[in-house]
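Take a look at the letters that make up each chain.
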Amino acid sequence: MRSHDVDYRILGSDIQVLEVELDPQETIIAEAGAMVYMDEAIAFETKMGDGSEPDQGLMGKLFSAGTRLITGESLFLTHFTHRGSHGKSRVAFSAPYPGTIVALDLGALPGGLIVQKDGFLAAAKGTKISLHFNQKFGAGFFGGEGFILQKLTGDGKAFVHAGGTIIEKRLTNELLRVDTGCVVAFEPGIDFSVARAGGLKSMLFGGEGLLLATLRGTGRVWIQSMPIKKLVRALAAGGGNAQKESGSVLGGLVNGWLDE
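The notes below deal with the structure included here.

About the cut-offs
Residues numbered from 1 in each chain as written. Predicted model: local features only at pLDDT ≥ 70, side-chain atom pairs only at ≥ 80, totals over all residues. Heavy atoms only, no water. Helix = DSSP H or I, 4+ residues; strand = E, 2+ residues; numbered from the N terminus. Buried < 20%, exposed > 50% of the residue type's maximum accessible area, 1.4 Å probe, protein only. Contact = heavy atoms within 4.5 Å. Polar contact = N/O pair within 3.5 Å; in protein donor to acceptor, adjacent residues only side chain to side chain. Phe/Tyr/Trp six-rings, centres within 6.5 Å; stacked < 30°, edge-to-face > 60°. Pairing = 2+ DSSP bridges. Axes fitted to C-alpha atoms, helices over the stretch in contact; angles between N-to-C directions. Core = buried A, V, L, I, M, F, W, Y, C linked by side-chain atoms within 4.5 Å. Salt bridge = Lys/Arg side-chain N within 4 Å of Asp/Glu carboxyl O. Patch = residues over 30% accessible without salt bridge, like charges linked within 9 Å, V, L, I, M, F, W, Y side chains within 5 Å. Areas by Shrake-Rupley, 256 points an atom, 1.4 Å probe, with all protein chains shown as cover.

Now for the overall build of the chain. Tallying secondary structure elements over the chain gives six helices and 17 strands in all. Put simply, the chain has 260 residues, and 43% of those count as buried. By sequence separation, contacts in the chain at least 24 residues apart represent 78% of the contacts at least 6 residues apart.

Here's what the structure looks like:
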């Protein structure tokens, strides 16, 4: 199924809103609860599945919905369609926490895009959302993303959100080390694993934690500057040096002792 060709604009800077412009009978799918506002001609319907396979039977839809449960997402997706007969109508979405929204053209990503489990916001109808299993135990257990990620494939627009600022990196047979939890998305040509954060001294006192995510290969990588879990830890620790110290083994032990 060819994806619908939707127009869009991203509003705001720190807490962004995605506004999508639909022609008659065009549809965009989005996470349940992401809608902010919509024009009168927009109708919405909650469905199991992404609608990329219109002839899919009940068992296929149940399987598709079940895979979303495994990734920790809602069982359903909401389909927003322009039901009018002329003109354009708009529907807008926002992420569940402050950050940045990035638009990606899946047509320019023939292998698809692998996204952290809570990074998907919306996509043109025709986009297929499936599971991607992280085959490396260490990356799944320590990498901050879990064993199961989402894979987006299609030829239309997809919209991903993340905490803070999103930085795009292009790797050419290179290795990039990233704070665990800061990886938003990457192309399938990238190998995602984890490695030690330097020597014993750095691991104990450096404040960067025990492990770093490693991305190796050729392709694009999208990184977030402030994942929601890191923001929560920083606020709980009071920010500043307290947040840095809490990232080290010694800081964790001290914080645990103080809590007692």
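This part covers the side chain of His 82. With respect to the secondary-structure elements, His 82 resides in strand E6 (residues 77-82). Within the structure, the side chain of His 82 is placed 3.1 Å from the backbone nitrogen of Gly 84, a separation counted as a polar contact. Contacts of His 82, omitting those with residues within four sequence positions, involve Leu 22, Asp 23, Pro 24, Gln 25, Glu 26, Ala 41, Ile 42, Gly 87, Lys 88 and Ser 89.

A few words on the packing of aromatic side chains. Aromatic ring pairs are described here by two measures, namely the spacing of the ring centres and the angle between the planes. As enumerated under the stated definition, the model contains four aromatic pairs in all. A centroid spacing of 5.8 Å and a plane angle of 45 degrees characterise the contact between Phe 186 and Phe 192, whose relative ring orientation is tilted. Note on Phe 192: relative accessible area 4%, which makes it buried. Through a chain of ring-to-ring contacts, three or more aromatic side chains come together here, namely Phe 44, Phe 80 and Phe 93.

As summarised here, the arrangement of the six strands in space is E5-E6-E3-E10-E13-E8, forming an open sheet in which the pairing is antiparallel. Edge strands, defined here as strands with exactly one partner in the open sheet, are strand E5 (42-47) and strand E8 (99-105). Each strand axis lies, on average, 20 degrees off the axis of its neighbour in the sheet, ignoring direction. In this sheet, E6 lies alongside E5 in antiparallel orientation, the contact comprising six bridges.

Bringing the sheet that holds strand E7 (residues 89-94) into the picture now. Taken in spatial order, the four strands of this open sheet run E1-E2-E7-E4, and their pairing is antiparallel. Since the sheet does not close on itself, it has two edges, and those belong to strand E1 (7-11) and strand E4 (35-38), each with one partner. Direction aside, the axes of adjacent strands within the sheet are offset by 20 degrees on average. Of the strand pairs in this sheet, strand E2 (residues 17-22) and E7 are connected by six bridges, and their pairing is antiparallel. When the sheet's bridge partners are listed, Val 17 is paired in E7 with Ser 94.

Counting 19 residues, the largest nonpolar core has Leu 113, Phe 120, Leu 152, Val 160 and Trp 222 as its most contacted members. When contributions to this core are tallied by element, the ones reaching two or more residues are E8, strand E9 (113-115), strand E10 (120-124), strand E13 (157-163) and strand E15 (183-186). With three residues, E13 is the single largest residue contributor to this core. Residues contacting Val 160, with those up to four places away along its chain left out, are Thr 100, Ile 101, Val 102, Leu 104, Leu 113, Val 115, Gly 119, Ile 166 and Val 184. Ile 42, Phe 80, Val 91 and Leu 121 belong to the second largest nonpolar core, which has 16 residues in total.

Moving on, we get to the pattern of salt bridges. Counted according to the given criterion, the structure contains nine salt bridges. Where Arg 90 meets Glu 21, a salt bridge forms, and the shortest distance between an N and an O atom there is 2.7 Å. With Arg 90 in strand E7 and Glu 21 in strand E2, the pair connects residues that are 69 residues apart, well separated along the chain. As a salt-bridge pair, Glu 168 and Arg 220 come within 3.6 Å of each other at their nearest N and O atoms. In this pair, Glu 168 sits in strand E14 (residues 166-179) while Arg 220 sits in strand E17 (residues 211-224), placing the two residues 52 residues apart along the sequence.

Here we come to a nonpolar patch on the surface. A surface patch of nonpolar side chains, amounting to about 240 Å² of accessible area, comprises Met 35, Val 36 and Tyr 37. By the element assignment, Val 36 lies in strand E4. For Val 36, a relative accessible area of 42% puts it in the partly exposed group.

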